[in-house]
Amino acid sequence: LLFSYSFIMIIDTHTHIYLNTKITEDDILEHAKNSQVDKMIAIWVDLKTSQKCLDLSQKYENIFYPVVWIHPCDTFEFKDNIDLTINKLEIMILENITKIKAIWECWLDYFYLSNWSKKNEEISVQKEFFIKQIALSKKYDLPLVIHVRDAFEEVFEILKQENVSKFVLHCYTWDLNFAYRIIYYFPEAKISFSWIVTYSSAKELQNVASNIPLEKIFVETDCPYLAPQEVRWQENEPANVWYTLDKIVDLRIANWKKETKEEIYAQIRKNSLEFFGIK
């Protein structure tokens with residue numbers, strides 16, 4: 001696939017390439033290089049995969065950058081050992097402080113509750129983990145990567161209550177009004193778009209991408225999930241981040257934004273580098 005760019009490098013800000021089973025690591029890197037994706041934020045999903053992300057960052061220095069945490073869907077199994085689990089995370093941060101770029105994936109998700117018979121208890125555990133992660137992010141001056149589904153107002157209130165400043169709403173799926181509220185109350189916040197923004201049914205999400213300030217935008221694949229339509233039956237990979245980026249370019253230009261394609265590419269890259277502290 002040939003994209004409409006020249007000498008522009010871009011960053012995939014949310015990847016899980018160690019979960020790819022049909023594409024080899026070498027192929028993923030080769031495809032990314034050929035598509036001018038030169039940096040990737042490696043997100044682990046549990047304590048077991050944490051070392052895989054750290055290994056990637058050591059093996060491919062200045063290409064992969066690790067972000068730490070346990071997947072929020074799994075937090076309920078640690079409900080009796082929350083402080084111990086948070087302590088393990090803190091030790092991991094301390095041992096890898098020069099490599100780790102953020103804390104992920106702070107989360108409230110009422111769609112994927114794992115134990116509906118204990119719904120209220122699980123929601124309470126999610127909130128407790130969320131607040132303790134916020135405390136860690138402040139202690140070590142690390143930004144937060146936040147996932148939210150079916151709990152936007154609750155997340156908003158916690159962010160205000162805990163006076164959080166630097167975070168990104170990953171794989172954003174809500175409306176323009178909420179995006180504006182986030183931007184107004186949290187000037188350092190970013191909003192990240194996945195392939196979902198290209199769906200013909202995602203009119204409200206496209207409205208968000210068309211109208212929020214360019215300085216607030218990230219792009220991501222969330223690979224191996226959310227593969228673009230053109231490669232719908234394949235595993236997603238960082239090279240495909242251009243599908244999302246070019247859709248955002250089209251949306252903003254169609255909305256009469258006074259931005260060139262090259263300016264949009266360059267600003268979104270700048271947003272990503274500065275947020276994650278990448279040189």
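See the structure shown above.
Residues numbered from 1 in each chain as written. Predicted model: local features only at pLDDT ≥ 70, side-chain atom pairs only at ≥ 80, totals over all residues. Heavy atoms only, no water.

Here we look at the overall build of the chain
Within the chain, the regular secondary structure consists of nine helices and eight strands. Here the chain holds 279 residues, and 58% of them are scored as buried. In the chain, once contacts between residues fewer than 6 apart in sequence are set aside, the share between residues at least 24 apart is 75%. Carbon and sulfur atoms provide 51% of the accessible area of the chain, an area that totals close to 12,900 Å². (Helix = DSSP H or I, 4+ residues; strand = E, 2+ residues; numbered from the N terminus. Buried < 20%, exposed > 50% of the residue type's maximum accessible area, 1.4 Å probe, protein only. Contact = heavy atoms within 4.5 Å. Areas by Shrake-Rupley, 256 points an atom, 1.4 Å probe, with all protein chains shown as cover.)

Quick notes on the pattern of salt bridges
Tallied over the full model, the rule gives ten salt bridges. Measuring nitrogen to oxygen at the nearest pair gives 2.7 Å for the salt bridge that ties Glu153 to Arg181. Of this pair, Glu153 sits in helix α5 (residues 152-161) while Arg181 sits in helix α6 (residues 176-185), and the two are 28 residues apart along the sequence. Three or more residues are tied together by salt bridges with common partners; here these are Lys79, Asp80 and Glu121. (Salt bridge = Lys/Arg side-chain N within 4 Å of Asp/Glu carboxyl O.)

Some details on the packing of α5 against α6
Where α5 meets α6, the closest approach of the two axes is 12 Å, and the angle between their N-to-C directions is 5 degrees. When the interaxial angle is binned, α5 and α6 end up roughly parallel. Every residue of α6 that contacts α5 at Phe152, Glu153, Phe156, Leu159 and Lys160 is listed here: Phe178, Arg181, Ile182 and Tyr185. Here the residues of the contact of α5 with α6 are counted per class, giving six nonpolar, no polar and three charged. (Axes fitted to C-alpha atoms, helices over the stretch in contact; angles between N-to-C directions. Parallel < 35°, antiparallel > 145°, perpendicular 65-115°, else oblique. Nonpolar A, V, L, I, M, F, W, Y, C, P; charged D, E, K, R; others polar.)

Structural notes on helix α7 (residues 203-211)
The set of residues buried in α7 consists of Leu205, Gln206, Val208, Ala209 and Ser210. Those residues of α7 hidden inside the fold are in contact with α6, β7 (190-193), β8 (217-219) and α8 (241-254).

So, the nonpolar core
By size, the foremost hydrophobic cluster in this structure holds 92 residues, and its most contacted members are Phe167 and Phe193. Not counting chain neighbours up to four residues away, the residues in contact with Phe167 comprise Leu144, Ile146, Leu159, Ile182, Phe186, Glu188, Ala189, Lys190 and Phe275. (Core = buried A, V, L, I, M, F, W, Y, C linked by side-chain atoms within 4.5 Å.)

Observations concerning the packing of aromatic side chains
Within this structure, the stated rule accounts for 16 aromatic pairs. Between the aromatic rings of Phe156 and Phe178, the centroid separation amounts to 6.0 Å while the plane-to-plane angle is 65 degrees, which identifies the pairing as edge-to-face. One end of the pair, Phe156, is in helix α5; the other, Phe178, is in helix α6, and 22 residues separate them in sequence. Of the two residues examined, Phe156 and Phe178, each falls in the buried class. Members of the aromatic cluster, connected to one another through ring pairs, are Phe152, Phe156, Phe167, Tyr172, Trp174, Phe178, Tyr184, Tyr185 and Phe186. Across the ring face of Phe275, the terminal group of Lys166 is positioned such that the distance to the ring centre comes to 5.6 Å. The ring of Phe156 has Arg181 lying over it, and the distance from NZ or CZ to the ring centre is 4.3 Å. (Phe/Tyr/Trp six-rings, centres within 6.5 Å; stacked < 30°, edge-to-face > 60°. Lys NZ or Arg CZ within 6 Å of the ring centre and 35° of its normal.)

Concerning the pairing of strand β2 (residues 37-43)
Consecutive side chains along a regular strand alternate between the two faces of the sheet. Burial of β2 is extensive: seven of the seven residues sit out of reach of the surface. Where strand β1 (residues 10-15) and β2 come together, four bridges link them in parallel fashion. Bridging across to β2, Ile10 finds its partner in Val37. Crossover β1 to β2 through helix α1 (residues 25-34) is right-handed. Across four bridges, the pairing between β2 and strand β3 (residues 64-68) is parallel. Opposite Ile43, over in β3, you have Val67 as the bridge partner. (Pairing = 2+ DSSP bridges. Right-handed = clockwise from strand over helix to strand, strands pointing away.)

Section: the packing of α8 against helix α9 (residues 261-276)
Relative orientation of the contacting elements α8 and α9 amounts to 130 degrees, with a least axis distance of 10 Å. Here α9 runs oblique to α8, going by the angle between their axes. Between α8 and α9 lies a crossing whose hand is right-handed. In this structure, α8 uses Trp242, Leu245, Asp246, Val249, Arg252 and Ile253 to contact α9, whose residues at the interface are Lys261, Ile264, Tyr265 and Ile268. Among the residues forming the contact of α8 with α9, the class breakdown is seven nonpolar, no polar and three charged. (Left-handed = near helix turned anticlockwise from the far one by under 90°.)

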